[in-house]
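Reading the structure
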Amino acid sequence: MDAILSKGSLGTLATVATVLQFLTGTVICNRYIRKKSTGDTSAFPFISGFLSCFMWLKYGVLTEESTVILVNFIGSALFFTYTVVFFIFCVNKREVIRQMMLISCIILSATVYTMFESDVEKSVRIVGLLCCCLAVLFFASPLTTLTHVIRTQNTDSLPFPIIVASFFVCFLWTAYGVLIGDRFIQVPNLLGGILAGIQLTLYVIYPKKKASSGPRYSPLVSENPIL
């Protein structure tokens with residue numbers, strides 16, 4: 001009974017924390033709506049977020065994990081909405097369409113595979129591995145920013161609240177993965193937590209400087225929340 005309660009409590013906490021992290025995208029979209037433009041930002045963080053959530057949703061369905069299903073269903077809906085908002089206000093709509101077609105091919109291929117694969121355990125392994133690869137690629141995306149921070153010895157380009165949120169969300173999902181014995185959940189979130197921890201360490205090494213004037217905005221790629 002204690003194990004069930006722990007799993008339920010941890011799953012609920014991880015779900016709430018992740019959804020709140022996903023909702024930070026509304027701040028970015030609100031900026032687009034106010035300006036009637038997306039500027040020189042890219043839709044890729046939103047599109048990749050949708051792909052990641054959708055594949056984790058499929059993984060949750062295959063493994064019958066209700067917590068994974070719920071959080072990624074919400075995430076898929078949110079990231080799809082963010083992508084639509086971006087598309088409405090962007091100039092280069094052809095690029096957004098190209099990226100959407102690319103991830104649609106990945107989603108369609110995975111869906112067809114799981115439909116015709118009779119071995120459920122094999123489907124779980126293949127989809128789980130794909131989810132891990134997507135998560136690792138996503139978590140690796142800030143490495144270019146980290147290189148810039150180390151070179152300039154300035155952490156102004158790192159969004160502190162989002163990094164802290166990412167650290168705790170990754171910690172919660174790693175703990176949840178350990179609790180249910182799922183390595184596909186454990187590994188990518190552990191890597192994400194380590195990367196977030198490295199970024200937090202940089203704040204200690206290179207304290208953030210006060211802005212001289214005007215608001216500063218972080219690169220969109222660093223603002224994108226994911227599981």
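Per chain, residue numbering runs from 1 following the sequence as it is written. A pLDDT threshold of at least 70 governs which residues receive local features in this predicted model, and a stricter bar of 80 or more applies before side-chain atom pairs are shown or counted, although totals over entire chains, interfaces and linings include all residues. Derived side-chain values reflect all non-hydrogen atoms in the structure, with water molecules and hydrogen atoms excluded from consideration.

- Under an unreviewed UniProt entry, the name given to the protein chain is Sugar transporter SWEET, and the source organism is Anopheles culicifacies.
- UniProt positions are given in the numbering used here, feature names are shortened, and annotations may be inferred rather than shown by experiment. According to the UniProt record, the Sequence similarities (unreviewed entry) comment for the protein chain is "Belongs to the SWEET sugar transporter family."

Focus on helix H5 (residues 93–116)
- Runs of E in the DSSP output that reach at least two residues are strands. Runs of H or I that reach at least four are helices, and both are numbered from the N terminus. Helix span, as expected, comes to 1.5 Å for every residue beyond the first. Compared with an ideal rise of 1.5 Å per residue, which puts 24 residues at 34 Å, H5 spans 34 Å between its outermost C-alpha atoms and is within 8% of the ideal.
- Residues of H5 that are buried include every one of Val 96, Gln 99, Met 100, Ile 103, Ile 107, Ala 110 and Thr 114, and no others. Each residue is assigned to one of three classes by its accessible area relative to the maximum for its type, calculated with a 1.4 Å probe on protein chains only: buried under 20%, partly exposed between the two thresholds, exposed over 50%.

Concerning the state of the cysteines
- Disulfide: a pair of cysteine sulfur atoms within 2.5 Å of each other. Applying the stated criterion across every chain, the model contains 0 disulfides.
- Cys 132 supplies the cysteine sulfur nearest to Cys 133, a cysteine that is in no disulfide, at a spacing of 7.0 Å.
- Assessed through its relative accessible area of 41%, Cys 133 is described here as partly exposed.

Concerning helix H3 (residues 44–63)
- Here H3 spans 28 Å end to end across 20 residues, near enough to the 28 Å set by a 1.5 Å rise per residue.
- The element H3 is extensively covered by neighbouring structure, given that 15 of its 20 residues are classed as buried.
- Among the residues trailing H3, Glu 64 stands out with phi positive, at a value near 60 degrees.

Side note on the packing of aromatic side chains
- Centres within 6.5 Å are what make two rings of Phe, Tyr or Trp a pair, Trp counting through its six-membered ring; a difference in plane orientation under 30 degrees is then read as stacked, over 60 as edge-to-face, and the rest as tilted. Inspection of every chain in the model, using the stated rule, returns 10 aromatic pairs.
- Aromatic side chains Phe 46 and Tyr 82 sit 5.3 Å apart centroid to centroid with 45 degrees between the ring planes, which places their arrangement in the tilted category. Linking Phe 46 in helix H3 with Tyr 82 in helix H4 (residues 66–89), this pair joins segments that are 36 residues apart in sequence.
- Residue Tyr 82 is classed as buried on the basis of its relative accessible area, which comes to 3%.
- Ring plane angle 85 degrees and centroid distance 5.5 Å describe the contact between Trp 56 and Tyr 59, whose orientation is recorded as edge-to-face. Taken together, the residues Trp 56 and Tyr 59, both in helix H3 and 3 residues apart, mark about one turn of the helix.
- An aromatic cluster of at least three residues, connected via ring pairs, comprises Phe 22, Phe 46, Phe 79 and Tyr 82.
- We call a charge positioned above a ring when the Lys NZ or Arg CZ atom is no farther than 6 Å from the ring centre and deviates by at most 35 degrees from the ring normal. A cation over an aromatic ring shows up here: Lys 93 above the ring of Phe 87, its NZ or CZ 5.5 Å from the ring centre.

Comments concerning the environment of Phe 160
- Position of Phe 160 relative to the elements: it lies in helix H8 (residues 160–180).
- Taking the C-alpha atoms as reference points, Phe 160 and Leu 200, 40 residues apart in sequence, are found 7.6 Å from one another.

Some thoughts on the nonpolar core
- Counting residues in each nonpolar core, the largest one holds 39 residues, and the members touching the most others are Phe 46, Met 55, Tyr 59, Phe 79, Phe 86, Val 96 and Trp 173.
- Counting residues per element, the ones that place at least two in this core are helix H1 (2–22), helix H2 (25–35), H3, H4, H5, helix H6 (120–140) and H8.
- In this structure Met 55 touches Ile 107, Ala 110, Val 127, Leu 130, Cys 131 and Leu 134, once residues within four positions along its chain are discounted.
- Residues grouped as a nonpolar core are buried Ala, Val, Leu, Ile, Met, Phe, Trp, Tyr and Cys residues, joined through side-chain atoms within 4.5 Å. Counting residues in each nonpolar core, the second largest holds 13 residues, with Leu 146, Leu 158, Ile 163 and Tyr 206 among its members. Whether two residues are in contact is decided by their heavy atoms, any of which lying within 4.5 Å being enough.

So, a nonpolar patch on the surface
- In this scheme, patches are assembled from residues that exceed 30% relative accessible area and form no salt bridge. Like charges are connected within 9 Å, while nonpolar side chains (Val, Leu, Ile, Met, Phe, Trp, Tyr) are connected within 5 Å. Throughout, the Shrake-Rupley method with a 1.4 Å probe supplies accessible areas, and for residues the shown protein chains are the sole cover considered. Salt bridge, as used here, is a side-chain nitrogen of Lys or Arg placed within 4 Å of a carboxyl oxygen of Asp or Glu. A contiguous nonpolar patch, built from Val 136, Val 187, Leu 190, Leu 191, Ile 194 and Ile 198 and spanning about 480 Å² of accessible area, is present on the exposed surface.
- A total of 5 residues in the nonpolar patch trace back to one element, the largest contributor, which is helix H9 (residues 183–205).
- Note that Leu 190 resides in helix H9.
- Assessed through its relative accessible area of 46%, Leu 190 is described here as partly exposed.

A look at the side chain of Glu 117
- If you trace the backbone, Glu 117 turns up in the loop between H5 and H6.
- Counted as positive: Lys and Arg. Counted as negative: Asp and Glu, with His and the chain ends omitted from the count. For Glu 117, which is buried and forms no salt bridge, the nearest opposite charge comes from Lys 122, at a distance of 4.1 Å.
- A polar contact is formed between the side chain of Glu 117 and the backbone nitrogen of Asp 119, at a distance of 3.0 Å.
- Among residues more than four places away in sequence, those in contact with Glu 117 are Lys 122 and Ser 123. Nitrogen and oxygen atoms within 3.5 Å of one another constitute a polar contact, given that in protein one can donate a hydrogen and the other can accept it, and given that sequence-neighbouring residues count only through two side-chain atoms.

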